[in-house]
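The lines below spell out each chain.
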Amino acid sequence: MSAGQSSPTGPDLVQGISVDALADGQMLVGHVGQDAVLLARRGNEVFAIGATCSHYGGPLAEGLLVDDTVRCPWHHACFSLRTGEALHAPALSPVARWQVELRDGHIFVRDKQEVKEQPGSKTRAAHSESSPEKIVIVGGGAAGFAAAEKLRREQFQGRIVMLSNDDAAPVDRPNLSKDYLAGTAQDDWVPLRPDSFYRDSGIELELRTNVTGVDVRSREVVLADARRVPYDRLLLATGAEPVRLSIPGADLPHVRTLRSLADCRAIIERAKTARRAVVLGASFIGLEVAASLRAREIEVHVVAPEKRPMERILGPQMGDFVRALHEEHGVIFHLEDTASAVDGRTVKLKSGGTLDADLVVAGVGVRPRLALAEKAGLAIDRGVVVGHYLETSVPGIYAAGDIARWPDLHSGENIRVEHWVVAERQGQAAALSMLGSREPFAAVPFFWSQHYEVPINYVGHAEKWDDLTIDGDVASRDCVLNYKRNGRVLAVASIYRDIESLQAEVMMERGDCTALATAGSVA
Ligand SMILES: Cc1cc2nc3c(=O)[nH]c(=O)nc-3n(C[C@H](O)[C@H](O)[C@H](O)COP(=O)(O)OP(=O)(O)OC[C@H]3O[C@@H](n4cnc5c(N)ncnc54)[C@H](O)[C@@H]3O)c2cc1C
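Residues numbered from 1 in each chain as written. Predicted model: local features only at pLDDT ≥ 70, side-chain atom pairs only at ≥ 80, totals over all residues. Heavy atoms only, no water.

(A) The arrangement of the overall build of the chain in detail. Secondary structure assignment for the chain yields 11 helices and 36 strands. Relative to the globule expectation of 24 Å for 523 residues, the C-alpha radius of gyration of the chain, 24 Å, shows essentially globular dimensions. When burial is assessed residue by residue, the chain has 56% of its 523 residues classed as buried. Across the chain, every contact between residues at least 6 apart in sequence was considered, and the portion connecting residues at least 24 apart equals 58%. A total of about 21,700 Å² of accessible surface is found on the chain, and carbon and sulfur atoms cover 47% of it. On the chain, the mean spot of the 58 positive side-chain charges and the mean spot of the 70 negative ones are 4 Å from each other. (Helix = DSSP H or I, 4+ residues; strand = E, 2+ residues; numbered from the N terminus. Rg over C-alpha atoms; globule rule 2.2 N^0.38 Å. Buried < 20%, exposed > 50% of the residue type's maximum accessible area, 1.4 Å probe, protein only. Contact = heavy atoms within 4.5 Å. Areas by Shrake-Rupley, 256 points an atom, 1.4 Å probe, with all protein chains shown as cover. Lys, Arg positive; Asp, Glu negative; His and termini not counted. Charge placed at Lys NZ, Arg CZ, Asp CG, Glu CD.)

(B) Focus on the sheet that holds strand E15 (residues 220-223). An order of E14-E15-E16 is seen for the 3 strands of this open sheet, with the pairing classed as antiparallel. Looking along the sheet, the strands with just one partner apiece sit at the ends: strand E14 (211-215) and strand E16 (228-230). Neighbour-to-neighbour, the strand axes of this sheet turn through a mean angle of 25 degrees, independent of strand direction. Relative to E16, E15 is paired through 3 bridges, and the arrangement is antiparallel. Counted as the bridge partner of Val221 is Val229 from E16. (Pairing = 2+ DSSP bridges. Axes fitted to C-alpha atoms, helices over the stretch in contact; angles between N-to-C directions.)

(C) Highlighting the nonpolar core. Ile137, Leu151, Val221, Leu234, Leu235 and Leu236 are the most contacted members of the largest nonpolar core, which has 70 residues in total. Looking at which element gives the most residues to this core, the answer is helix H10 (residues 420-434), with 8 residues. Taken together, domain 2 (126-241 + 367-434) and domain 4 (453-509) each give at least three residues to this core, which thus spans both. When neighbours within four sequence positions are excluded, Val221 is seen to be in contact with Val136, Val138, Leu163, Val211, Gly213, Val214, Arg227, Arg228, Val229, Tyr231 and Leu234. (Core = buried A, V, L, I, M, F, W, Y, C linked by side-chain atoms within 4.5 Å. Domains from an automatic or database assignment.)

(D) Expanded view of the confidence of the model for the chain. Chain-level pLDDT for the chain is 94 on average; 93% of the residues reach the 70-or-more range. Segment residues 1-5 is flagged for pLDDT under 50; beyond a separation of four residues in sequence, or across chains, it makes 14 contacts in the model. (pLDDT = per-residue confidence, 0-100.)

(E) Layout of the pattern of salt bridges. Applying the stated criterion across every chain yields a total of 36 salt bridges. One salt bridge in this structure joins Arg308 and Asp320, with 2.7 Å as the shortest N-O distance. Taken together, the residues span a long stretch of sequence, with Arg308 in the loop between strand E21 (299-304) and helix H7 (311-314) and Asp320 in helix H8 (residues 316-328) at a distance of 12 residues. Of the residues examined, Arg308 reaches a relative accessible area of 23% and is grouped as partly exposed. Overall, Asp320 belongs to the partly exposed group, its relative accessible area being 38%. A salt bridge links Glu413 to Arg485, with the shortest nitrogen-to-oxygen separation between them at 2.7 Å. Residue Glu413 is located in the loop between strand E30 (404-407) and strand E31 (414-415), and its partner Arg485 is located in strand E35 (residues 478-485); the two are separated by 72 residues in the primary sequence. Here the salt bridges do not stand alone but share partners, grouping Arg71, Arg425, Glu505 and Glu509 into one network. (Salt bridge = Lys/Arg side-chain N within 4 Å of Asp/Glu carboxyl O.)

(F) Fine view of the site of the ligand. In the vicinity of the ligand, 33 residues are found, and the nearest of them are Ala143, Asn165, Lys178, Arg259 and Asp402. Contacts to the ligand include Ala237, whose backbone N or O atom sits 3.4 Å from an oxygen atom. Burial of the ligand by the protein chains amounts to 95% of its free accessible area of 1,000 Å². Breaking the shell around the ligand down by element, the ones donating at least two residues are helix H2 (142-153), helix H6 (284-295), H10 and strand E32 (446-451). Grouping the constituent residues of the shell around the ligand by class yields 13 nonpolar, 12 polar and 8 charged. Three or more residues apiece are contributed to the shell around the ligand by two domains, here domain 2 (126-241 + 367-434) and domain 3 (255-363). (Near = heavy atom within 4 Å. Polar contact = N/O pair within 3.5 Å; in protein donor to acceptor, adjacent residues only side chain to side chain. Nonpolar A, V, L, I, M, F, W, Y, C, P; charged D, E, K, R; others polar.)

(G) Expanded view of empty space enclosed by the protein. Per the counting criterion, the structure on display carries 1 cavity of 30 Å³ or more. Computed from the structure, the largest cavity encloses a volume of approximately 60 Å³. Taken together, 11 residues make up the lining of the largest cavity; nearest its centre are His410, Ser411, His461, Leu490 and Met508. At 3 residues, the largest contribution of residues to the lining of the largest cavity is made by strand E36 (residues 488-495). Of the residues that constitute the lining of the largest cavity, the class distribution is 5 nonpolar, 4 polar and 2 charged. Each of domain 2 (126-241 + 367-434) and domain 4 (453-509) contributes no fewer than three residues to the lining of the largest cavity. (1 Å grid on protein atoms, 1.4 Å probe; cavity = no way out; pocket = protein on both sides within 12 Å on 5 of 7 lines; lining within 4 Å. Points joined across faces, edges and corners; volume = space filled by probe spheres on them.)

(H) Region of interest: H6. If you check H6, its first and last C-alpha atoms are 17 Å apart, about what 12 residues at 1.5 Å a residue would give, namely 16 Å. Among the 12 residues in H6, 9 count as buried, and that is most of the element. Every buried residue of H6 is accounted for by Phe284, Gly286, Leu287, Glu288, Val289, Ala290, Ala291, Ser292 and Leu293. At the C-terminal side of H6, Glu297 shows a positive phi close to 60 degrees. (Expected span 1.5 Å × (residues − 1).)

Right, dumping it as structure tokens:
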């Protein structure tokens, strides 16, 4: 998906429109000069903010009004209608705001406003009695970046040191299996922020820096070169790493995994001359890689042990749909099979077959990077155990993102997920906690996956369900799937039903998992 800004559409809002043209609870898009402006009405109040989501350019007017906010239909970012502030990741930048004047039964929009800081933010950071002086973040991914950015947005004046063993500054990782790998995204789409951002924001980003230990007594992290970096608060956001194959040939140069920008570039380099690729594993990443390689017109075979791709997470109907979708695009599946060996030219299958391959990508799952936390003696339970404020078992040390197992308020279970938006929102929540806030992490989990032109959105968390109901038709790409246990909706997957997906998120936030409402705004 790309930002689709073209010539302005809708009414010229400087000239004004009749108040009657905008009913209570409705939105419309007009323009002020060349800027597309979203006009939204709540009772007698009318708001005007930028019409395009600052994440991937989603059309906010097709999203959902919730109180005095609007949520983006594509990836559930949320903006304040009053200030334009980005309230929920994946949006990290505000949208513009305009003055609205109601006069003679008409609405006029003018005077673009600078975005204000979040109300109360300075106060919160400045007045917290135990405000830290130095915060160290281990990890330069979704959670680490979102935490650092949030700390500065909250006017934290102390030092922020971000240590990452990657050689690239934080990147838009989801793009690495999608547009960037497919060759349809430019290089400058990939960094979350330009290099100057870190300098200008006073975020001391140290790349190629491996943290090997945490000395919890002296409150220092230990680096591979034996340097010690003291902290007042520490955030561990070390993410996950791809599971490596343990079959003969797994370390050959044309056998790759995908996590970092460097991994992605190595695959692209191979893809330039490859004619046949084998993807091992029908995971989200594996299948997104398959789609991107098909976009490069490479023959793609997918080998996976399951009967249906994604059945365990999305159920059989969505599994069949995803398989059919990839087959329509020429992917050849070898299901209920695994690779037993790879050599320079072929992949041998357990079933006895052999596939030619000059590129092999293993997408057989990821493992949270827990070594640091384990060594430091933090409580571990298939992840780093954190409480409602994302603090670990050691006071002053927090964890967020793919490594964190947190008490999810919605399912009532301790869960760990590997979702981009969750990692960002946890990074932000951990930032607030480190500044002394006492707001529990309460976001409903959300992820999306993109296969060719088809996006799949998923809210909530259902590891197991006893009932799966479908509204619409999966094959027609127009559906909402409710995953229920004991009559309660735990998760909702959807294709091209963005409003229902957003409504499900709001209902879950409000603890109403039995009534998922019909389209419209949520007051
Ligand atoms: C190709 C790809 C596509 C994806 N697509 C989607 C998607 O479409 N939707 C979705 O919801 N999710 C997607 N995900 C998952 C999502 O990217 C992750 O959930 C998210 O990145 C997790 O954020 P994190 O901050 O926990 O970890 P990461 O983003 O992995 O960041 C971890 C950071 O820690 C650093 N690090 C680790 N150990 C150390 C150490 N010892 N010392 C110093 N630094 C260290 C790493 O270098 C890295 O910078 C995708 C993931 C991949 C790989």
